[in-house]
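In case you want the letters, here they are:
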Amino acid sequence: MATTKPIFGKEIFKFFRALSRHNKKVWMDANRERYQQAVAKPFRVLLEELSQSVLKMDSRFDVAARSGKNFSRINRDIRFAKDKTPYHPHMYLKFSVPLTGEMKSGQLYTGISSDTVTAGFRIYAEPKRKLSSIALIAEPRIAQDPKWLAQQKKRLNKKYDSYWYKTIKGEWTKNDGWPTAADWPRLQAWIVRKKLSPATATRKSFPTDVAKIFHDVYPLLKFTAL
């Protein structure tokens, strides 16, 4: 997996900082080639570097390099948003397993923004909680093995941050730490991640570093969604 040179340069962080300051279509149109060279093309190279590793974990992972599937969209959906800025000042690479119907499996992911690099696991109650893998796959398994969440906390807590969301009066509320079996019936999303320094992403070892993180958190995805 090791690359001969770094995939990302410092330019990706400069681009996202500039986009945060000039988040308008006219600026993006003038900097489209800069976006391709600093962000889009390197992320595609990272996908190629990581694909073999994730397919070894599960051959069903989608690695087709499609926007929305493997890559987050730079364009924001502003139809119903209070914030009308048209672009996201960040990019994510995501790996998920297709499930039946509209159910989503959760993701192994890594993301870069203007000053942050993260990698880990996340799962959301999609498309609706009662139809999601959180409810239909994870909840019965946790009921059968209520100690599993505590075991994962013991295994990962020293190296990874965990937080989760539940609904209170119709609003998602963030909860730091690890959910318990008692929390699960109200859980809407769960994220377990490692926060890395920006310098980490500019090293040639970055794909290997991310692959190790994916290997650590893959059991969370497997138990909750596969």
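So, a few notes on the structure that sits alongside this text. Residue numbering note: each chain is counted from 1, following its sequence as written. A pLDDT threshold of at least 70 governs which residues receive local features in this predicted model, and a stricter bar of 80 or more applies before side-chain atom pairs are shown or counted, although totals over entire chains, interfaces and linings include all residues. Think of the side-chain values as coming from all heavy atoms in the structure, minus any hydrogens and water.

### Describing the overall build of the protein
At step 1: In terms of regular secondary structure, the protein is built from seven helices and six strands.
At step 2: Using C-alpha atoms as the atom set, the radius of gyration is obtained and then compared with a globule rule of 2.2 Å times the number of residues to the power 0.38. Taking 2.2 N^0.38 as the reference for a compact globule, 226 residues should give roughly 17 Å; the C-alpha atoms of the protein span a radius of gyration of 18 Å, in line with that estimate.
At step 3: C-alpha atoms of the protein, sized along the principal axes, occupy 55 × 45 × 35 Å.
At step 4: The proportion of buried residues among the 226 residues of the protein is 47%.
At step 5: Throughout, a contact is declared for two residues whenever any of their heavy atoms are within 4.5 Å. Long-range contacts, defined as pairs at least 24 residues apart, comprise 64% of the intrachain contacts of the protein with a sequence gap of at least 6. A run of H or I in DSSP becomes a helix once it reaches four residues, and a run of E becomes a strand once it reaches two; helices and strands are each numbered from the N terminus. Burial here depends on accessible area, computed with a 1.4 Å probe over protein chains only, as a share of the maximum for the residue type. Under 20% is buried, over 50% is exposed, and the range in between is partly exposed.

### Let's talk about the pattern of salt bridges
At step 1: Think of a salt bridge as a Lys or Arg side-chain nitrogen and an Asp or Glu carboxyl oxygen that are within 4 Å of each other. All told, the structure shown has six salt bridges when counted by the stated rule.
At step 2: Note that glutamate 11 and arginine 34 form a salt bridge whose closest N and O atoms lie 2.6 Å from each other. With glutamate 11 in helix α1 (residues 11–21) and arginine 34 in helix α3 (residues 32–57), this pair connects stretches of sequence that are 23 residues apart.
At step 3: What makes glutamate 11 partly exposed here is its relative accessible area of 32%.
At step 4: Through salt bridges that share partners, Lys25, Asp29 and Arg32 make up one connected network.

### Comments concerning the packing of helix α4 (residues 133–144) against helix α7 (residues 206–225)
Axis angle and axis distance: for two packed helices, these are the angle between their axes and the distance between the axes, and together they describe the pair.
At step 1: Each axis is a line fitted through C-alpha atoms, and for a helix only the stretch in contact is used; angles between axes span 0 to 180 degrees, taken between their N-to-C directions. Orientation of α4 relative to α7, taken along the N-to-C sense of each, is 100 degrees, at an axis distance of 7 Å. Relative to α7, the element α4 lies roughly perpendicular. Only Lys222, Phe223, Thr224 and Ala225 of α7 make contact with α4, whose side of the interface consists of Ser133, Ile134, Ile137, Ala138, Arg141 and Ile142.
At step 2: Under the scheme applied here, ten amino acids are nonpolar (Ala, Val, Leu, Ile, Met, Phe, Trp, Tyr, Cys and Pro), four are charged (Asp, Glu, Lys and Arg), and all others, including Gly, are polar. The class makeup of the residues in the contact of α4 with α7 is six nonpolar, two polar and two charged. Throughout this description, any angle smaller than 35 degrees is read as roughly parallel, any larger than 145 degrees as roughly antiparallel, any in the 65 to 115 degree range as roughly perpendicular, and the remainder as oblique.

### Let's talk about α1
At step 1: Looking only at α1, the buried set comprises Ile12, Phe13, Phe15, Phe16, Ala18 and Leu19.
At step 2: Residues of α1 that are buried make contact with α2 (25–30), α3, β1 (90–95), β2 (107–113), β3 (117–124) and α6 (198–201).

### A word on the environment of valine 63
At step 1: Mapped onto the secondary structure, valine 63 falls in the loop between α3 and β1.
At step 2: The partly exposed category is assigned to valine 63, whose relative accessible area is 26%.
At step 3: Between the C-alpha atoms of valine 63 and serine 51, which are twelve residues apart in sequence, the distance is 6.3 Å.
At step 4: Ignoring sequence-local partners within four residues, the contact set of valine 63 consists of Leu47, Ser51, Val54, Leu55, Asn70 and Phe95.

### Structural notes on the packing of α3 against α7
At step 1: Where α3 meets α7, the axes come as close as 10 Å, and the angle between the chain directions of the two elements is 30 degrees. It follows that α3 is roughly parallel to α7 by the angle criterion. In this structure, the crossing between α3 and α7 has a hand that is right-handed. In this structure, α3 uses Leu46, Glu49, Leu50, Ser53, Val54 and Met57 to contact α7, whose residues at the interface are Phe206, Pro207, Val210, Ala211, Phe214, His215 and Tyr218.
At step 2: In terms of residue class, the contact of α3 with α7 is built from ten nonpolar, two polar and one charged. By definition, any crossing whose near helix is turned counterclockwise from its far helix by less than a right angle is left-handed, and any crossing with a clockwise turn is right-handed.

### What to know about unusual backbone geometry
At step 1: In the segment running from glutamate 126 into proline 127, the intervening peptide bond is cis, with an omega of -5 degrees.
At step 2: Its place among the elements puts proline 127 in the loop between β3 and α4.

### Here we look at the packing of aromatic side chains
At step 1: Here is the rule: rings of Phe, Tyr and Trp (six-membered ring for Trp) pair when centre to centre is within 6.5 Å. Planes less than 30 degrees apart are stacked, more than 60 are edge-to-face, and the remainder are tilted. Taken as a whole and judged by the stated rule, the model has 15 aromatic pairs.
At step 2: Both rings, one in tryptophan 148 and one in phenylalanine 223, keep their centres 3.9 Å apart while their planes meet at 10 degrees; by these two values the pair is stacked. You can see tryptophan 148 sitting in helix α5 (residues 148–156) and its partner phenylalanine 223 sitting in helix α7, a full 75 residues away along the chain. Of the two residues, tryptophan 148 and phenylalanine 223, neither departs from the other in class, the shared state being buried.
At step 3: Following the ring pairs from residue to residue traces out a cluster consisting of Phe121, Trp148, Trp178, Trp184, Trp190 and Phe223.
At step 4: Sitting over a ring, as applied to charges here, requires NZ of Lys or CZ of Arg to be within 6 Å of the ring centre and within 35 degrees of the ring normal. Its guanidinium or amino end placed over the ring of tyrosine 92, arginine 122 lies 4.7 Å from that ring's centre, counting from NZ or CZ.
At step 5: Looking at arginine 122, its charged tip hangs above the ring of tyrosine 109, at a distance of 4.5 Å from the centre.

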